[in-house]
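# Architecture at a glance
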Amino acid sequence: MRYITKKDIYIVANYLGKIMQGVGVVILLPLIVALIFNERVDYLGFIIPSTISLVLGTLFTRIKSKNSRARLKHGMIVSSLAWLWASFIGGLVMYICLDISFINAFFENMSAWTGTGFTIFENVEILPKSILFFRSLEQWIGGLGIVVIMIGILIHPGTIASSLYKSEAREDRIKPSISNTLKKILQIYLVYTVIGIIFFTVAGMPIFDAVNNAFTSIATGGMSIKNANMGFYQNDIFYTISIVLMILGAISFLSHYKTIKTKGKLIFKDIQFIAMFGLIILTSIILILVTKSLPIDVIFHVVSAVSTTGASINSATNIAEWTTFMKIIILGLMFTGGAAGSTAGAVKIIRVIAVLRGVYKNIVNIISPRGRIVNMKLTNKELKESQIREASSYIVIYLIFIVISWLVLVFYGFDGMNSLFDIVSAQGNVGLSTGIMNNSLPDIAKLVVIFNMWIGRLEIIPVLVLLKSIIELSKAIVPKYNN
């Protein structure tokens, strides 16, 4: 039985082509910044990759298959390839414009698109403003989802839109149709971004900095235009605005919509928001009591970790010198992450809640009288065994990839605790680092981390579907070649 046929390849190529066209357009936007600031940047560094993406994308869109209907597997393959392509094209821009190797450029762009926030640049402040804006724009688009945004702009509503929407780990619908859902999500996202820019500007931040910081905060990206990240500003008002934006980014868009519609009444009934807020309060109190850090420093990093933003007001050296206790607490938050259907990464709060409730349900079943049926609810719906199994299976797979990648870093001689911290940060698309993630990281280790960031953003399954499809194709091609 053939899992992947020629018809499947045609369907994937057609819709991937549309996304490649969108990426080609996005690549050109930073040139506006270059013109505004009259920069002597290599304009061809943007134009050439953009042209490649637009031309290939246009060719792919002309590949059509008659009587073909897109399925979830097509959406997952398109989504997986789209993130790789966007990172490749973005890497090509930096490779041409800057004096860096392609693997470093690819690493930087995968980090930006996935909202991870690691950087290989020792001094980002010497980079052209167009490149800095480019990184922030990648995070802003990647926070909502490359494919999600492209569906809303370039792809007509229908089965493929639904498949692509699900392929980026999104299930909730604000409106009955995918197209209307995406319109509302984009509206909410844009409004919060503009509000963030206004608040930063009013508080005294330069407009260029305000735009970039608003982009990366609401997108829970965290990649900064300053070497010291948010710590550069030494301003508690800026920290507070950033904290609010990070929390907003980590709340599901469905909750935002319902809260706006009910004028704030439903937010405190959202189990994911309650759990996240509880985690922030509890862990902040614990860390303030057991460390000598200032409350604003603790709260900022706690929110940055659980929202998977990765913004920091400490240098990597400071993070490396945190106590093991503090690293474990922050590591747990980075593993948990924000709400499903938000811009946050990691395993998501709802899965952790599902597993914990599943364990509790099993315990109650064991001690209950024979014949009693124990039912539990999750988000006002009955918690089904299938949900518990899905959440448990995902967390196990997630941990397996973390352990494998962790061992790679330890093999290269990095400290065990710091390696685990940075790998959890990479796969959770967080970006907080103990200093391991830099230009001197061995190339093999960089490729492993790139893989972690990629699978973390796509929630693993789409990537496994792509890899399985490639294996099946190779099995089909090799016998023909041998014959």
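Residues numbered from 1 in each chain as written. Predicted model: local features only at pLDDT ≥ 70, side-chain atom pairs only at ≥ 80, totals over all residues. Heavy atoms only, no water.

## As for helix α10 (residues 207-218)
Taking 1.5 Å per residue, twelve residues should reach 16 Å; α10 reaches 16 Å between its end C-alpha atoms and fits that length. With eleven of its twelve residues buried, α10 lies for the most part within the structure. Among all positions of α10, only Phe208, Asp209, Ala210, Val211, Asn212, Asn213, Ala214, Phe215, Thr216, Ser217 and Ile218 are buried. Thr220, located one to two residues past α10, shows a positive phi value of around 50°. (Helix = DSSP H or I, 4+ residues; strand = E, 2+ residues; numbered from the N terminus. Expected span 1.5 Å × (residues − 1). Buried < 20%, exposed > 50% of the residue type's maximum accessible area, 1.4 Å probe, protein only.)

## Brief notes about unusual backbone geometry
Phi is positive for Glu459, which is not a glycine, with a value near 60°. Structurally, the position occupied by Glu459 is in the loop between α20 (443-458) and α21 (461-482). If you check the backbone angles, Ile460 has positive phi at about 65° while not being a glycine. Here Ile460 is to be found in the loop between α20 and α21.

## Description of the packing of helix α16 (residues 324-336) against helix α19 (residues 416-427)
The packing of two helices is summarised by the inter-axis angle and the distance between the axes. Remark: α16 packs on α19, axes separated minimally by 9 Å, with the N-to-C direction vectors making an angle of 20°. Here α16 lies roughly parallel to α19, going by the angle between them. Handedness of the α16/α19 crossing: left-handed. Across the interface between the two elements, Thr324, Lys327, Ile328, Ile330, Leu331, Met334 and Phe335 from α16 touch Met417, Asn418, Leu420, Phe421, Val424 and Ser425 from α19. Here the contact of α16 with α19 is built from residues that sort into nine nonpolar, three polar and one charged. (Axes fitted to C-alpha atoms, helices over the stretch in contact; angles between N-to-C directions. Parallel < 35°, antiparallel > 145°, perpendicular 65-115°, else oblique. Left-handed = near helix turned anticlockwise from the far one by under 90°. Contact = heavy atoms within 4.5 Å. Nonpolar A, V, L, I, M, F, W, Y, C, P; charged D, E, K, R; others polar.)

## Observations regarding the nonpolar core
With 134 residues, the main nonpolar core has Phe46, Phe200, Met230, Ile330 and Val449 as its most contacted residues. Apart from residues lying up to four places away in sequence, Phe200 is in contact with Met205, Ala210, Asn213, Ala214, Met230, Phe238, Ile241, Ser242 and Leu245. (Core = buried A, V, L, I, M, F, W, Y, C linked by side-chain atoms within 4.5 Å.)

## Section: helix α14 (residues 295-306)
Look at α14: 17 Å from first C-alpha to last across twelve residues, which is about the 16 Å you get at 1.5 Å a residue. Among the twelve residues that make up α14, ten are buried, leaving the element largely enclosed by the rest of the structure. All of the buried residues along α14 are Ile296, Asp297, Val298, Phe300, His301, Val302, Val303, Ser304, Ala305 and Val306. Phi for Thr308, located one or two positions after α14, is positive at around 60°.

## Things to note about the side chain of Thr114
With respect to the helices and strands, the residue Thr114 is situated in the loop between α5 (102-113) and α6 (129-144). One polar contact links the side chain of Thr114 to the main-chain carbonyl oxygen of Ser111, over a distance of 3.4 Å. Apart from the residues lying within four places of it in its own chain, the contact partners of Thr114 are Trp83, Asn429, Met453 and Arg457. (Polar contact = N/O pair within 3.5 Å; in protein donor to acceptor, adjacent residues only side chain to side chain.)

## Overview of the pattern of salt bridges
Per the stated rule, a full pass over the model turns up nine salt bridges. Where Lys73 meets Asp8, a salt bridge forms, and the shortest distance between an N and an O atom there is 3.3 Å. A residue pair is termed long-range when its members are at least 10 positions apart, and Lys73 in helix α4 (residues 72-97) and Asp8 in helix α1 (residues 6-28) qualify at 65 residues. For Asp8, a relative accessible area of 9% gives the class buried. Between Glu108 and Arg135 there is a salt bridge, with the nearest N and O atoms lying 3.0 Å from each other. (Salt bridge = Lys/Arg side-chain N within 4 Å of Asp/Glu carboxyl O.)

## Overview of the packing of aromatic side chains
Going through the model one piece at a time under the given rule, you end up with 21 aromatic pairs. A centroid spacing of 5.5 Å and a plane angle of 75° characterise the contact between Phe37 and Phe208, whose relative ring orientation is edge-to-face. Highlighted residues: Phe37 in the loop between α2 (30-36) and α3 (44-61) and Phe208 in helix α10, separated in sequence by 171 residues. According to the relative accessible area criterion, Phe37 is partly exposed, its value standing at 38%. Ring geometry for Phe335 and Tyr398: centres 5.5 Å apart, planes at 80°, overall edge-to-face. Separated by 63 residues along the polypeptide, Phe335 in helix α16 and Tyr398 in helix α18 (residues 385-411) bring together distant segments of the chain. Each member of the pair, Phe335 together with Tyr398, is buried. An aromatic cluster is built from Trp85, Phe88, Tyr95, Phe102 and Phe106, whose rings are joined through pairwise contacts. Note that Lys129 overlies the ring of Phe37, its terminal NZ or CZ placed 5.3 Å from the centroid. Between Lys129 and the ring centre of Phe208, over which it is positioned, the NZ or CZ distance is 5.7 Å. (Phe/Tyr/Trp six-rings, centres within 6.5 Å; stacked < 30°, edge-to-face > 60°. Lys NZ or Arg CZ within 6 Å of the ring centre and 35° of its normal.)

## Here we look at the side chain of Ser87
Secondary-structure assignment places Ser87 in helix α4. You can call Ser87 buried: its relative accessible area is 0%. A polar contact of 2.9 Å, which involves the side chain of Ser87, links it to the backbone oxygen of Trp83. Beyond its immediate chain neighbours, meaning those up to four positions away, Ser87 contacts Phe106, Asn109, Met110 and Trp113.

## Some details on the packing of α18 against α19
Packing of α18 against α19 brings their axes to within 9 Å, and their N-to-C directions diverge by 135°. Classified by the angle between their axes, α18 and α19 sit oblique to one another. Handedness of the α18/α19 crossing: right-handed. Contacts between α18 and α19 involve Tyr398, Phe401, Ile402, Ser405, Trp406, Leu409 and Val410 from the former and Gly416, Ser419, Leu420, Ile423, Val424 and Gln427 from the latter. Of the residues belonging to the contact of α18 with α19, the class tally is nine nonpolar, four polar and no charged.

Read these as layout, nothing more, since geometry by itself doesn't imply function.
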